[in-house]
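What follows is each chain in one-letter form.
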Amino acid sequence: MKYRVFFIASIVLIIVIAPRLPWYGYLLCLLVPLSVLFFACINLSWNFFIPAHCKAETTEKVVALSFDDGPDLCTDDILDTLKQNDVPASFFCIGKHIAGNEKTLQRIKDEGHIIGNHSYSHAFWFDMWGPQKMMADMRLMNKGVMTVTGLTPALFRPPYGVINPALASAIKWEKYIPIGWNIRSFDTRIKDKQKLLSRITGQLKPGSIILLHDSMAITAAILPELIKQIKTKEYKIVRLDKMLNINAYV
Ligand SMILES: [Zn+2]
């Protein structure tokens, strides 16, 4: 809907308004819609191309932890910490990381966490692909999870958090539930543990979805303290699917 309104507004801008402006009118009227499109692609929470769950609508003090890009070197350490603290989480896994990490993937399921689809390839050019190629990639990931665990993920988190019309179509056609976040930890960039911790805990709100990466050593290192601080602020860590009241599997 938003996309259609935007499309009509852009046409009006270029055909009706641009000719009435000075010589740079066309440039301006092209730059505005292109900028909107760019920011809509990198902000899943705008719900511009497709509605996505980026937080839960609740006043209850609950939050959900989500880990992207595994199963990887730090996943088992993270699972140990979650088990010691009796905390559930969701893992948006990359299909090509499953081979060699089958036991870890099975452990995610066995210990009560959920597995989501984060594409098979997590390819750099993923967002340049057509919907058919994206769908094939997403199916390959689900096939890998199915082979190891017997489960078929229903939740999908776009690689790099980028959305576009082709990916929105692939998600719709494959009937995935798109999942974003509203607290981006930047654990792939921040090197200072205290800075990372305060960045996350400073943004806590009821219904928050926290984005972390089980591929990062710093994330495994801060997790015990992060859980402790979240609990100190009287938030309960719940599983994403339960917080959003959706099914994690088909
Ligand atoms: Zn990723």
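Quick note: structure is the one above.
From a predicted model like this one, the values you see are computed outputs, not experimental measurements. Within any chain, residue numbers begin from 1 and follow the written order of that chain's sequence. pLDDT decides what is reported in this predicted model: residues at 70 or higher carry local features, side-chain atom pairs at 80 or more are listed and counted, and totals for whole chains, interfaces and linings draw on all residues regardless.

> Hey, could you run me through the overall build of the protein in this one?
Secondary structure elements are taken from DSSP: a helix is a run of H or I of four residues or more, a strand is a run of E of two residues or more, and numbering for both begins at the N terminus. Secondary structure summary: the protein contains nine helices and eight strands in total. Note that the radius of gyration is over C-alpha atoms, with the globule rule given as 2.2 Å times the number of residues to the power 0.38. Taken over the C-alpha trace, the protein has a radius of gyration of 20 Å; the compact-globule value for 250 residues is 18 Å, and the two agree within 12%. Along the first, second and third principal axes, the C-alpha set of the protein runs to 65 × 40 × 35 Å. A fraction of 76% describes how many contacts in the protein between residues 6 or more apart in sequence connect residues 24 or more apart. A residue pair is marked as a contact if its C-beta atoms, positioned from the backbone, fall within 7 Å.

> Is there a simple way to explain the environment of arginine 239 in this structure?
Tracing the sequence through the fold places arginine 239 in the loop between strand 8 (236-237) and helix 9 (240-244). Overall, the presence of 18 C-beta atoms within 10 Å leaves arginine 239 in the partly exposed class. Counting along the chain gives 221 residues from arginine 239 to alanine 18, while the straight-line C-alpha distance between them is 50 Å. Beyond its immediate sequence surroundings of up to four residues, arginine 239 is in contact with Ala64, Pro88, Ser90 and Ile114. Three exposure classes are used, based on other C-beta atoms lying within 10 Å of a residue's own C-beta, which is placed from the backbone: buried for 20 or more, exposed for 12 or fewer, and partly exposed in between.

> Can you help me understand unusual backbone geometry in this one?
Excluding glycine, most residues fall at negative phi; most peptide bonds, likewise, are trans. Between glycine 70 and proline 71 the backbone carries a cis peptide bond, its omega angle lying at -5 degrees. Among the secondary structure elements, proline 71 is positioned in the loop between strand 1 (62-68) and helix 3 (75-84). Positioned with a positive phi, asparagine 47 is a non-glycine residue whose angle comes to about 55 degrees. Inspection of the secondary structure assignment puts asparagine 47 in the loop between helix 2 (25-42) and strand 1. A positive phi angle, close to 55 degrees, is found at asparagine 245, a residue other than glycine.

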